[in-house]
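Take a look at the letters that make up each chain.
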Amino acid sequence: QVQLVESGGGSVQPGGSLRLSCAASGLTLSNYAMGWFRQAPGRVREIVAAISVAGTYYADSAKGRFTLSRDNARKTIYLQMNSLKPEDTAVYYCALKMGLMPAQAMVTLPPNYWGQGTQVTVSS
């Protein structure tokens, strides 16, 4: 059974930075995409960024501020979030989709697995 364990959430002032990590365990295949979604109170869950062997995808809200990277050996992805804004406040969820696909596929294809979520709060 695949499990995703997230870490790195917390509270930060506007303009600050946070780094989220998501480690996958139980993976037996090497072709998959991973990504981060977020959900703010009263809003639908939305994709933030995704990564696969075919590249990286960023939502418009993340471009220029967030960087997604992947450590294949550790089956871990990292989301470096800089210049954080109050509107970035949300629960951030790690997700994994099995198969060989472009990262942007995670925008429309439902993930196979989700993490438990980690809270990010940006407030002065």
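Once a new chain begins, its residue numbering starts again from 1 and follows that chain's sequence as written. Local features in this predicted model are restricted to residues whose pLDDT is 70 or higher, and side-chain atom pairs enter the listing and the counts only when it is 80 or higher, whereas totals over whole chains, interfaces and linings include all residues. Values shown for side chains rest on all heavy atoms present in the structure; no hydrogens or waters enter the calculation.

Colleague: Could you clarify how one ought to interpret the overall build of the protein in this entry?
Modeller: Under the DSSP-based scheme used, a helix requires at least four consecutive residues in state H or I and a strand at least two consecutive residues in state E, with every element numbered from the N terminus. The helix and strand inventory of the protein stands at zero helices and 11 strands. Written out in order from the N terminus, the α and β elements of the protein read β-β-β-β-β-β-β-β-β-β-β. The globule rule used for comparison is 2.2 Å times the number of residues to the exponent 0.38, while the radius of gyration itself is calculated over C-alpha atoms. At 14 Å, the protein has a C-alpha radius of gyration in line with the 14 Å of a compact globule built from 124 residues. Summarising its shape, the C-alpha atoms of the protein cover approximately 45 × 25 × 25 Å along the three principal directions. Expressed as a percentage of the 124 residues in the protein, the buried residues total 46%. The long-range share in the protein, meaning contacts at least 24 apart out of those at least 6 apart in sequence, stands at 60%. Of the roughly 6300 Å² of accessible surface on the protein, 48% is carried by carbon and sulfur atoms. Mean positive and mean negative side-chain charge positions of the protein (11 and 6 charges, respectively) differ by 5 Å. Think of it in three bands: with a 1.4 Å probe and only protein chains considered, a residue is buried below 20% of the maximum accessible area for its type, exposed above 50%, and partly exposed in between. In this description, contact between two residues means that some pair of their heavy atoms is separated by no more than 4.5 Å. Computed by Shrake-Rupley with a 1.4 Å probe, the accessible areas treat only the displayed protein chains as cover when residues are assessed. Counted as positive: Lys and Arg. Counted as negative: Asp and Glu. His and the chain ends are not counted at all. Lys charges are placed at NZ, Arg charges at CZ, Asp charges at CG and Glu charges at CD.

Colleague: Explain unusual backbone geometry to me, please; I cannot follow it from the model alone.
Modeller: Only a minority of non-glycine residues have a phi that is not negative, and only a minority of peptide bonds are not trans. At lysine 75, a position not held by glycine, the phi torsion is positive, near 50°. Of note, lysine 75 is situated in the loop between strand 7 (66-71) and strand 8 (76-81). By relative accessible area, which is 27% here, lysine 75 ends up partly exposed. Notably, serine 83 is not glycine yet its phi reads approximately 50°, a positive angle. By the secondary structure assignment, serine 83 is in the loop between strand 8 and strand 9 (90-98).

Colleague: Help me out: how do you make sense of the pairing of strand 6 (residues 55-58) in this one?
Modeller: Two faces belong to every sheet, and in a regular strand the side chains alternate between them. By the convention used here, strands pair only if DSSP detects at least 2 bridges between them. In terms of strand pairing, strand 5 (residues 46-52) meets strand 6 through four bridges, oriented antiparallel. Bridge pairing in strand 6 places alanine 50 opposite tyrosine 57. What sits between the antiparallel neighbours strand 5 and strand 6 is a turn of two residues.

Colleague: I tried to follow the nonpolar core on my own but got confused; where do I start?
Modeller: Residues enter a nonpolar core if they are buried and are Ala, Val, Leu, Ile, Met, Phe, Trp, Tyr or Cys, with the set joined through side-chain atoms within 4.5 Å. Grouped together as the largest cluster of nonpolar side chains are 28 residues, with contacts concentrated most on Met34, Trp36, Leu79 and Met81. Counting residues per element, the ones that place at least two in this core are strand 3 (18-25), strand 4 (32-39), strand 5, strand 7, strand 8, strand 9 and strand 11 (118-122). Tyr57, Ala59, Met101 and Ala105 belong to the second largest nonpolar core, which has 11 residues in total.

Colleague: Just to check I follow, could you spell out the environment of glutamine 1 for this structure?
Modeller: Topologically, glutamine 1 is positioned in the segment before strand 1 (3-7). Judged by relative accessible area, which is 76%, glutamine 1 ranks as exposed. For the pair glutamine 1 and serine 30, spaced 29 residues apart in sequence, the C-alpha to C-alpha distance is 15 Å. When neighbours within four sequence positions are excluded, glutamine 1 is seen to be in contact with Ser25, Gly26 and Tyr113.

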